[in-house]
Amino acid sequence: MTEFKIPELGENIATGDVTKVLVNVGDTITREQPVLELETDKATIEVPSSVAGVVKEIRVKKGDKVKVGAVVLTVDAPASGNGDRAAAAKTPPPDAAPSLDAPPAAPQPASAPAQASGSSRVVPMPVRPFDSAQGRQMQEPAPAPAAAPPPPARADGRAAPASPAVRRLAREIGVNINDVEGTGPNGRITQEDVKEQARRILSSVGSAGVGAGTMARPARQLPDFSKFGEVDRQAWTNIRRVTSEHLSYAWNTIPHVTQFDKADVTELEVLRKRHKEQVSKAGGNLTVTAMLVRILATAVRKFPQFNASIDTERGEIVYKKYVNIGVAVDTDRGLLVPIIRNADEKNITQIAVELNQLAEKARDRKLTADDMSGGSITISNLGGIGGTYFTPIVNWPEVAILGVSRGAIEPVWKDGKFEPVQRLPLSLSYDHRVIDGADAMRFLRWVVEAIEQPFLLSLVG
């Protein structure tokens, strides 16, 4: 008999909820055949079998929460199944992978500590970034020094008993590992202990914020709503719960500022309608979002402080040399943020085709963690629904997000008379620790001019 265990599901994914069991006892399965469907905090994925044979026992059912390394079924494998058994034995224990319930590192959910390595450039926080649009070094006051990292040991002088993966999780979600009480063998700290500590912090702080210098508020108990009428209680899905934790962390951690502007999209709309059939033949949909992805990809090259992240633990700003644009997508399961990678190296047709493919994967619940990690900056387009302006929350660990609302034809005074002009409302939210108001306005004006003068993108792009 061979056991099939849950394999590694992707970066920062350690558990998932079983939504479907795709095989039955007595079925003959082959390697790579999907046997389970799991919903994680980032996507719904099919789990393929690494063994072949006849299913003898199924140890999970719909609704169960399973961890990486958990045995889900046993198979009466042929003689060659020894290789499968050896592969299954190599499956890492649940404690070896980062947590599902931690705030996503990229929108992904979003999500991003991996962004701080590889091709990234790291400089100390007090250094002001170079403003390439104005050709000058910024002389405004540098940010205050970052808070000191937590002490390396507890009050009794002993190091907290935790694995490197658990320590990394604690750093990523802002929990002092020395404050966590371990429930594992000999008091060892597990990922669940870190997550529980984070939940206690969030519940006690409430809307007052997370971090040093904030005044915690006691959690307030909800009233008994059933006294007023019928109610229906439903458990949060993984995606909704983690989105809540991620956005709460971003809102409480990042000093947000939002600036607004409008772009004349009259000429852009003419070009879009003229070329949409050509892009459709290539397999894409020429939308304003696709065009904005390309514009933002160029903009963050011109303004590198918008393609950065803050490493508060080391007191540094990480400037990324890659350009990956996130696009917030509204789904029936919650907000997802798939990534267009290396968007600055792709033309608008390629971006439109890739966006179409990602939208199909989102609808079919096939987005993976890799599809939603590593973003530089995010676009949230609500224009298809309506509204004028809104204040999007920065998708931590990014430092800026562009909100797009519905365009409308407005009368604009030109050459001594009013003319009808189609204008697009834009909302730019940013992290004021890295980006100053004047730089944000220069960035937003550059985006507006690129929208209003499409030739500019070809000229500088």
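Analysis parameters
Residues numbered from 1 in each chain as written. Predicted model: local features only at pLDDT ≥ 70, side-chain atom pairs only at ≥ 80, totals over all residues. Heavy atoms only, no water. Helix = DSSP H or I, 4+ residues; strand = E, 2+ residues; numbered from the N terminus. Buried < 20%, exposed > 50% of the residue type's maximum accessible area, 1.4 Å probe, protein only. pLDDT = per-residue confidence, 0-100. Contact = heavy atoms within 4.5 Å. Expected span 1.5 Å × (residues − 1). Pairing = 2+ DSSP bridges. Axes fitted to C-alpha atoms, helices over the stretch in contact; angles between N-to-C directions. Patch = residues over 30% accessible without salt bridge, like charges linked within 9 Å, V, L, I, M, F, W, Y side chains within 5 Å. Areas by Shrake-Rupley, 256 points an atom, 1.4 Å probe, with all protein chains shown as cover. Salt bridge = Lys/Arg side-chain N within 4 Å of Asp/Glu carboxyl O. Parallel < 35°, antiparallel > 145°, perpendicular 65-115°, else oblique. Left-handed = near helix turned anticlockwise from the far one by under 90°. Nonpolar A, V, L, I, M, F, W, Y, C, P; charged D, E, K, R; others polar. Polar contact = N/O pair within 3.5 Å; in protein donor to acceptor, adjacent residues only side chain to side chain. Core = buried A, V, L, I, M, F, W, Y, C linked by side-chain atoms within 4.5 Å.

Caption draft 1: Expanded view of the overall build of the protein chain. Across its full length, the protein chain carries 9 helices and 22 strands. Counting only residues that meet the buried cut, the protein chain has 46% of its 461 residues in that class.

Caption draft 2: Representation of the confidence of the model for the protein chain in the model. Across the protein chain, pLDDT averages 78, with 76% of residues at or above 70. By mean pLDDT, strand S10 (residues 130–131) is the weakest element of the protein chain at 38, and strand S20 (residues 400–404) is the strongest at 96. Under a pLDDT of 50 for its full length, residues 80–149 has, in the predicted model, 185 contacts with residues more than four places off or in other chains. Across residues 205–217, confidence stays below pLDDT 50; counting only partners more than four residues off in sequence or on other chains, it has 17 contacts.

Caption draft 3: Seen up close, unusual backbone geometry. Following Trp-396, the chain continues to Pro-397 via a peptide bond in cis, the omega torsion being 10°. The phi dihedral of Glu-32 is positive, around 75°, even though this residue is not glycine. Structurally, the position occupied by Glu-32 is in the loop between strand S3 (28–29) and strand S4 (34–39). Using a relative accessible area of 60% as the deciding quantity, one classes Glu-32 as exposed. A positive phi angle, near 50°, is found at Asp-415, a position not held by glycine.

Caption draft 4: Just helix H4 (residues 238–253), in detail. Between its first and last C-alpha, H4 extends 22 Å over 16 residues, near the 22 Å set by a 1.5 Å rise per residue. Listed as buried for H4 are Asn-238, Ile-239, Arg-241, Val-242, Thr-243, Glu-245, His-246, Tyr-249, Ala-250 and Asn-252.

Caption draft 5: Region of the structure containing the sheet that holds strand S1 (residues 2–5). Here 4 strands make up an open sheet; going across it, the order is S1-S8-S6-S3 and the pairing antiparallel. In the strand order of this sheet, the two ends are held by S1 and S3, each with one partner. Sheet analysis places S1 next to strand S8 (residues 71–76), joined by 4 bridges and oriented antiparallel. Of the residues in S8, the one forming a bridge with Glu-3 is Thr-74.

Caption draft 6: A look at the sheet that holds strand S7 (residues 65–67). The strand order across the open sheet formed by 4 strands is S5-S4-S2-S7, and the pairing between neighbours is antiparallel. If you trace the sheet from one side to the other, it starts and ends with strand S5 (44–48) and S7, each paired once. Sheet twist, expressed as the average angle between the axes of neighbouring strands with direction ignored, equals 45°. Across 3 bridges, the pairing between strand S2 (residues 15–21) and S7 is antiparallel. When the bridges of S7 are listed, Gly-16 appears paired with Val-66.

Caption draft 7: Here's a closer look at a nonpolar patch on the surface. On the surface, Leu-222, Phe-225, Phe-228 and Val-231 cluster together into a nonpolar patch covering about 450 Å² of accessible area. Within the secondary structure layout, Leu-222 lies in the loop between helix H3 (191–205) and H4.

Caption draft 8: Broad picture of the pairing of strand S6 (residues 53–58). Of the strand pairs in this sheet, S3 and S6 are connected by 2 bridges, and their pairing is antiparallel. Along S6, the bridge assignment pairs Thr-28 with Val-54. Pairing between S6 and S8: 4 bridges, direction antiparallel. The partner of Val-54 across the bridge, within S8, is Asp-76.

Caption draft 9: The pattern of salt bridges, seen in detail. Tallied over the entire structure, the rule returns 17 salt bridges. The closest approach of N and O atoms between Glu-410 and Lys-262, which form a salt bridge, is 2.6 Å. Of this pair, Glu-410 sits in strand S21 (residues 408–414) while Lys-262 sits in strand S12 (residues 256–264), placing them 148 residues apart in sequence. For Arg-433, the salt bridge is made with Asp-431, and the minimal N-O distance between the two is 2.7 Å. A relative accessible area of 1% places Asp-431 in the buried class. Where salt bridges share partners, they join Glu-3, Glu-57 and Arg-59 into one cluster.

Caption draft 10: Representation of the side chain of Glu-37 in the model. Of note, Glu-37 is situated in strand S4. Not counting residues within four places of it along the chain, the set of residues in contact with Glu-37 comprises Asp-17, Val-18, Thr-19, Lys-20, Leu-22, Thr-44, Ile-45 and Glu-46.

Caption draft 11: Focus on the packing of helix H6 (residues 288–302) against helix H8 (residues 437–452). With their axes 10 Å apart at the nearest point, H6 and H8 run at an angle of 140° to one another. Classified by the angle their axes make, H6 and H8 are oblique. Where H6 crosses over H8, the handedness of that crossing is right-handed. Together, Leu-292, Ile-295, Leu-296, Thr-298, Ala-299, Val-300 and Lys-302 of H6 and Phe-443, Trp-446, Val-447, Ala-450 and Ile-451 of H8 make up the contact between the two elements. In terms of residue class, the contact of H6 with H8 is built from 10 nonpolar, 1 polar and 1 charged.

Caption draft 12: Up close: helix H7 (residues 348–363). When the terminal C-alpha atoms of H7 are compared, their 22 Å separation across 16 residues agrees well with the 22 Å that a helix rising 1.5 Å per residue should span. Every buried residue of H7 is accounted for by Ile-351, Ala-352, Val-353, Glu-354, Leu-355, Leu-358 and Ala-362. Elements that come into contact with the buried residues of H7 comprise helix H5 (266–281), H6, strand S15 (325–327), strand S16 (329–331) and strand S18 (339–340). A side-chain oxygen of the first residue of H7 lies 3.1 Å from the backbone nitrogen of Thr-349; this N-cap is Asn-347.

Caption draft 13: Representation of the nonpolar core within the structure. Counting residues in each nonpolar core, the largest one holds 77 residues, and the members touching the most others are Leu-426 and Phe-443. Element by element, the count of residues in this core is highest for H6, at 10 residues. Sequence-distant contacts of Phe-443, defined by excluding residues within four places in its chain, comprise Leu-296, Ala-299, Val-300, Phe-303, Phe-306, Ile-377 and Leu-428. Within the second largest apolar cluster, 12 residues are counted, among which are Ala-170, Ile-173, Val-180 and Ala-198.

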